[in-house]
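The residues making up each chain are set out below.
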Amino acid sequence: MKTAALILSAVLAVAACVFLLAPLVVVVLASFSPTPVFDLPTTGASLRWYGRIANLEGFWPALGLSIEVAAVSTALALVVGTLAAIAAVRGALPYADAFAALLVSPLMMPGLVLGIALLQYFRAVGFDAPLAGLLVAHLIVTLPYVARTMIAGLSRFDFTLIDAALTLGCTWRQAIFKVMVPALAPSFLIAGLFAFLASFDNYPVSIFLTDVRTKTLPIKMLQYIEEAPDPTIAAVSSLILLGTIVLLIIADRAVGLSRMAGTSD
Amino acid sequence: MADAAHLGVKGVSKRYGAATVLESIDLDMARGELVTLLGPSGCGKTTLLRVIAGLVRADTGTLSLAGRDVTRMPPYRRNVGVVFQSYALFPHLDVAGNVAFGLNLKRLPKAEIEAKVRRVLALVHLEALAERPIRALSGGQQQRVALARALAVEPSVVLFDEALSALDRKLREAMQVELRQLLTSIGATAVFVTHDQEEALTMSDRIAVMHRGRIDQLADPRTLYDRPATSFALSFVGQSFRLSGRVVASEPGLSVIDTAAGQLRAPKQFLTGSDVIVATRPEHAHLGHATLGPGDNSLAGTVSNVTFQGPRSLVEVRIGDAFLTVQMPGRSAAPPIGSEVTVGWPIAETLIFPAEGEP
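Presented here is a report on the structure given in the accompanying data block. (Residues numbered from 1 in each chain as written. Chains lettered and ligands numbered in written order. Predicted model: local features only at pLDDT ≥ 70, side-chain atom pairs only at ≥ 80, totals over all residues. Heavy atoms only, no water.)

1. What to know about the overall build of chain A
Alright, step 1. Regarding its fold elements, chain A presents twelve helices and zero strands.
Alright, step 2. Dimensions of chain A, computed from C-alpha atoms along their principal axes, come out at roughly 70 × 65 × 35 Å.
Alright, step 3. Contacts in chain A between residues at least 24 apart in sequence constitute 70% of all its contacts with a sequence separation of at least 6.
Alright, step 4. With 14 positive and 14 negative side-chain charges, chain A shows a spacing of 5 Å between the two charge centroids. (Helix = DSSP H or I, 4+ residues; strand = E, 2+ residues; numbered from the N terminus. Contact = heavy atoms within 4.5 Å. Lys, Arg positive; Asp, Glu negative; His and termini not counted. Charge placed at Lys NZ, Arg CZ, Asp CG, Glu CD.)

Okay, here's the thing in structure tokens:
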């Protein structure tokens, strides 16, 4: 009976992994396809689609813009989100729980709604700077990831560490930078990683706020698929996947994946 | 006076809103002295410790440390070492990194820092663990690291905030003795905060019993135990037998008190008619008419329980609505439960306090 239950749960776990990973496998396989139309089984492998990436019209600016927006919005979110998290955890605010929920709420709002709302709002107030608008939107998208992670990190942080640093000779500023920031480094890393990825692959919010000259990578990629559905996009996707895996490995080495998944403290 | 004290606390008060946490605290400590702030939670002992450390600013009063006025000095310039209840070790640094933290801030030469870290780690028997990360240490080891970190900067005073309370009982008792020897050997001046009377008695040259933001009594352990200044100090340190009553007659050096259980005498003059509490330590009490002398108080009671413990028996006697546990040698026959007995103790060992302000 017990063995049967174990086998069943193992089968279900494997099935779930297959279900989640199968599309990725297909994309990676398709990127090595020698023919413009991908079918299984493949008849050999080719790197020709990878070679074509660099020549995609507008690819480099889109990649640059995506990285720039993701990096800047992540950096801003880390500062604002951490300060907000400190206020939520330590500020003795009335309705601190409601405040924390509000911080995280964009996570639960459909991106589409957020995108349309921001578009109309920017129009209404006469805010006409596509790049700045995009940054504000991505700050809203990334903030919940940072706030959530930092609230969790700060609730475990022992603020007596600051007292200890002060009595050992630290000024307030030194106590923050020599003790609090390094002690919270794992939380910062996790928060930053999630925020960066959330911004980098955001489509539904960005689509409303980009114009002809400012297009992020996901938008550009969808456009390519509409124009020429060959495996070049699969190759781009595979490279993004590779980059994400590398990031995750670095993060795992630094703080451990189990902490990132929230399965242990 | 003030400049003779190594640590001088004068008239320190602290209020949080309507609540008075500290009320004109005075405390002078000599160099090398070990003093415990003893009291129940909420008595203000931790706040006083944090005022001394500079983590809390007092509303009134002055503080001097090692000949300097530190009243308005921020904590990072006071040169104090604090061992926190949670230890507050820096998780991103290893053992040596934690111990070297304060020394690095002083910008000492690297070789000197390393030598000092080694010396302090040897002092707390942790030389072998210098490279360990903090999370790989047991509670007792973390406690030692916290102590080493506090001592490394050679502070003018070391402050312990319930620092031993997280250890299990056996380790705590061993640590009390070792810590006292260590601090005495390096001539450290230290203030302990605790609610554990045994820890206070073991560790301190003097104990300050704190109650509702005041120091009820500041005395060496023996005086505190034998001659508690207030009924709170009496009840907080050691066992006691207490009865309330009213003074019916008095002369210099003697009061006669009527209690519900009978008439008692105490070796101190109180105003006739005043409400008092009369008490004694149980170890002064003995059973039976035969042992009574002219200098004894005596009361009649009923044996309510007898516990045989090998070398001794504990005889619990109900007197009125109070209980007094009398020790007898284990070999002598204890009276049966329910029997009427007479309990006596010397008048000289009778304590008397005014009843006002009793909760």
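2. Quick word on the interface of chain A and chain B
Alright, step 1. On the side of chain B, 19 residues touch chain A, which itself brings 18 residues to the contact.
Alright, step 2. Across the chain A/chain B interface, buried area totals approximately 1,600 Å², and carbon plus sulfur atoms make up 74% of it.
Alright, step 3. Looking at the side of chain A facing chain B, the largest losses of area belong to Leu161(A), Thr167(A) and Leu168(A), adding up to 39% of the total buried there.
Alright, step 4. Here chain A is connected to chain B by one salt bridge.
Alright, step 5. Between Arg50(B) and Asp163(A) there is a salt bridge, with the nearest N and O atoms lying 3.0 Å from each other.
Alright, step 6. The set of elements that each furnish at least two residues to the side of chain A that touches chain B consists of α7 (160–167) and α8 (172–183) of chain A. (Buried area = accessible area lost by both parts, 1.4 Å probe. Salt bridge = Lys/Arg side-chain N within 4 Å of Asp/Glu carboxyl O.)

3. A word on the sheet that holds strand β8 (residues 190–194) of chain B
All names here are of chain B.
Alright, step 1. Ordered by their spatial adjacency, six strands build an open sheet running β6-β7-β8-β3-β9-β10, and the pairing between neighbours is mixed. Two strands in the sheet have a free side with no partner beyond their single neighbour: β6 (80–83) and β10 (214–219). Geometrically, the sheet is characterised by an average inter-axis angle of 20° between neighbouring strands, direction not taken into account.
Alright, step 2. Across four bridges, the pairing between β6 and strand β7 (residues 157–161) is parallel. Among the inter-strand pairings, Val 80 is bridged to a residue of β7, identified as Val 157.
Alright, step 3. Against the sheet, helix α1 (residues 45–53) engages β3 (34–38), β6, β7, β8 and β9 (206–211), with an angle of about 150° to β7. (Pairing = 2+ DSSP bridges. Axes fitted to C-alpha atoms, helices over the stretch in contact; angles between N-to-C directions.)

4. Considering the pattern of salt bridges
Pairing is possible between side chains that carry opposite charge, provided their charged atoms lie close to one another.
Residues and elements named next belong to chain B.
Alright, step 1. The final tally for this structure, using the stated rule, is 16 salt bridges over all chains.
Alright, step 2. Its salt-bridge partner being Asp 28, residue Lys 10 comes within 3.2 Å of it at the nearest N-O pair. Placement of the pair is Lys 10 in strand β1 (residues 7–16) and Asp 28 in strand β2 (residues 19–29), with a sequence separation of 18 residues.
Alright, step 3. By relative accessible area, which is 33% here, Lys 10 ends up partly exposed.
Alright, step 4. As a salt-bridge pair, Glu 23 and Arg 214 come within 3.2 Å of each other at their nearest N and O atoms. A residue pair is termed long-range when its members are at least 10 positions apart, and Glu 23 in strand β2 and Arg 214 in strand β10 qualify at 191 residues.
Alright, step 5. Residue classification places Arg 214 among the partly exposed positions, given a relative accessible area of 41%.
Alright, step 6. Through salt bridges that share partners, Glu 112, Lys 116 and Glu 154 make up one connected network. (Buried < 20%, exposed > 50% of the residue type's maximum accessible area, 1.4 Å probe, protein only.)

5. Some details on the side chain of Ser46(A)
All names here are of chain A.
Alright, step 1. The residue Ser 46 is located in the loop between α1 (2–31) and α2 (48–53) in this model.
Alright, step 2. One polar contact links the side chain of Ser 46 to the main-chain amide nitrogen of Arg 48, over a distance of 2.9 Å.
Alright, step 3. Not counting residues within four places of it along the chain, the set of residues in contact with Ser 46 comprises Ser 31, Phe 32, Ser 33 and Pro 34. (Polar contact = N/O pair within 3.5 Å; in protein donor to acceptor, adjacent residues only side chain to side chain.)

6. Considerations on α1(B)
Residues and elements named next belong to chain B.
Alright, step 1. Where burial is concerned, most of α1 is hidden: seven out of the nine residues are buried.
Alright, step 2. Among the residues of α1, those classed as buried are Lys 45, Thr 47, Leu 48, Leu 49, Val 51, Ile 52 and Ala 53.
Alright, step 3. Just past α1, the residue Gly 54 takes up positive phi, approximately 95°.

7. Focus on the packing of aromatic side chains
Alright, step 1. Tallied over the full model, the rule gives ten aromatic pairs over all chains.
Alright, step 2. Ring centres of Phe122(A) and Phe127(A) lie 4.9 Å apart, and the angle between their planes is 50°; this geometry places the pair in the tilted category.
Alright, step 3. With relative accessibility at 9%, the residue Phe122(A) sits in the buried group.
Alright, step 4. Using a relative accessible area of 35% as the deciding quantity, one classes Phe127(A) as partly exposed.
Alright, step 5. Every member of this aromatic cluster is reached through a ring pair, and the members are Tyr121(A), Phe122(A) and Phe127(A).
Alright, step 6. Positioned above the aromatic ring of Phe90(B), the side-chain terminus of Arg149(B) is 4.6 Å from the ring centre.
Alright, step 7. The lysine or arginine in question, Arg281(B), covers the ring of Tyr225(B), its NZ or CZ lying 4.1 Å from the ring centre. (Phe/Tyr/Trp six-rings, centres within 6.5 Å; stacked < 30°, edge-to-face > 60°. Lys NZ or Arg CZ within 6 Å of the ring centre and 35° of its normal.)

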